[in-house]
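Residue-level structure breakdown
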Amino acid sequence: MLKRKPIRMCIVCKQRGFQDTLIRLQHKEDNIFLFQGYGRSFYVCHSCMGDAKKRVGLGKRFKINSEIFDKLLKEIDG
Ligand SMILES: [Zn+2]
């Protein structure tokens, strides 16, 4: 039997996509990291992550400075 690719949802735009097309992040102690293999995680798509306004929105949602997302974006792109 074929194993189905897992579908995940971007928490910003609610678009669904395959897990490997979304960025998996993790919220821990007032900071956001790329998912490190354990703990609770969430997904953001590349187009939301690339949108400065949406990054500000995400910052508000997690009550953190949105610069964290700007830095993560650089990590992901670089
Ligand atoms: Zn999105």
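Everything numeric in this text was worked out from a predicted model, so none of it was measured.

1. Some thoughts on the overall build of the protein
Secondary structure assignment for the protein yields three helices and five strands. Counting from the amino terminus, helix and strand elements in the protein follow one another as β-β-β-β-β-α-α-α. Along the longest, intermediate and shortest principal axes, the C-alpha atoms of the protein span 45 × 25 × 25 Å. When burial is assessed residue by residue, the protein has 31% of its 78 residues classed as buried. For the protein, the exposed area adds up to about 5800 Å²; of that, 52% sits on carbon and sulfur atoms. Here the protein contributes 17 positive and 8 negative side-chain charges, whose respective centroids are spaced 10 Å apart.

2. Points about the coordination of the zinc ion
Protein ligation of the zinc ion involves Cys10 (SG), Cys13 (SG), Cys45 (SG) and Cys48 (SG), the donor distances falling in the range 2.2 to 2.3 Å. Classification of the site at the zinc ion as tetrahedral follows from its four donor atoms and the range of 104 to 115° in their angles at the metal. Positions of the donor residues of the zinc ion, expressed as sequence spacing, correspond to C-x2-C-x31-C-x2-C. Here Cys13, found in the loop between strand E1 (7-9) and strand E2 (16-18), pairs with Cys45, found in strand E5 (residues 42-45); they are 32 residues apart in sequence, far enough to count as distant. Residue classification places Cys13 among the partly exposed positions, given a relative accessible area of 31%. With relative accessibility at 12%, the residue Cys45 sits in the buried group.

3. Comments concerning the packing of aromatic side chains
Taken as a whole and assessed by the stated rule, the structure comprises one aromatic pair. The ring of Phe18 carries Lys5 above its face, with NZ or CZ at 4.9 Å from the centroid. The positively charged end of Arg24 is found above the aromatic ring belonging to Phe35, 3.9 Å away from the centroid.

4. Brief notes about helix H2 (residues 52-61)
Taken as a whole, H2 has its buried residues at Arg55, Leu58 and Gly59. Projection of H2 onto a plane perpendicular to its axis shows the buried side chains occupying an angular sector of 105°, all on one side. Exposed and facing more than 90 degrees away from the buried side of H2 are Lys53 and Lys60. Looking at the buried residues of H2, the elements they touch are E5, helix H1 (46-49) and helix H3 (67-77). If you check the start of H2, you find a side-chain oxygen 2.9 Å away from the backbone N of Lys53, and it comes from Asp51. Of the residues trailing H2, Lys63 is marked for its positive phi of about 55°.

The rules behind each value
- Residues numbered from 1 in each chain as written.
- Predicted model: local features only at pLDDT ≥ 70, side-chain atom pairs only at ≥ 80, totals over all residues.
- Heavy atoms only, no water.
- Helix = DSSP H or I, 4+ residues; strand = E, 2+ residues; numbered from the N terminus.
- Buried < 20%, exposed > 50% of the residue type's maximum accessible area, 1.4 Å probe, protein only.
- Areas by Shrake-Rupley, 256 points an atom, 1.4 Å probe, with all protein chains shown as cover.
- Lys, Arg positive; Asp, Glu negative; His and termini not counted.
- Charge placed at Lys NZ, Arg CZ, Asp CG, Glu CD.
- Donors = N, O, S within 2.8 Å, 3.2 Å for Na, K, Ca; no water.
- Tetrahedral: all angles 85-135°; square planar, octahedral: opposite > 155°, others 65-115°.
- Phe/Tyr/Trp six-rings, centres within 6.5 Å; stacked < 30°, edge-to-face > 60°.
- Lys NZ or Arg CZ within 6 Å of the ring centre and 35° of its normal.
- Arc of directions from axis to C-beta.
- Contact = heavy atoms within 4.5 Å.
- Polar contact = N/O pair within 3.5 Å; in protein donor to acceptor, adjacent residues only side chain to side chain.

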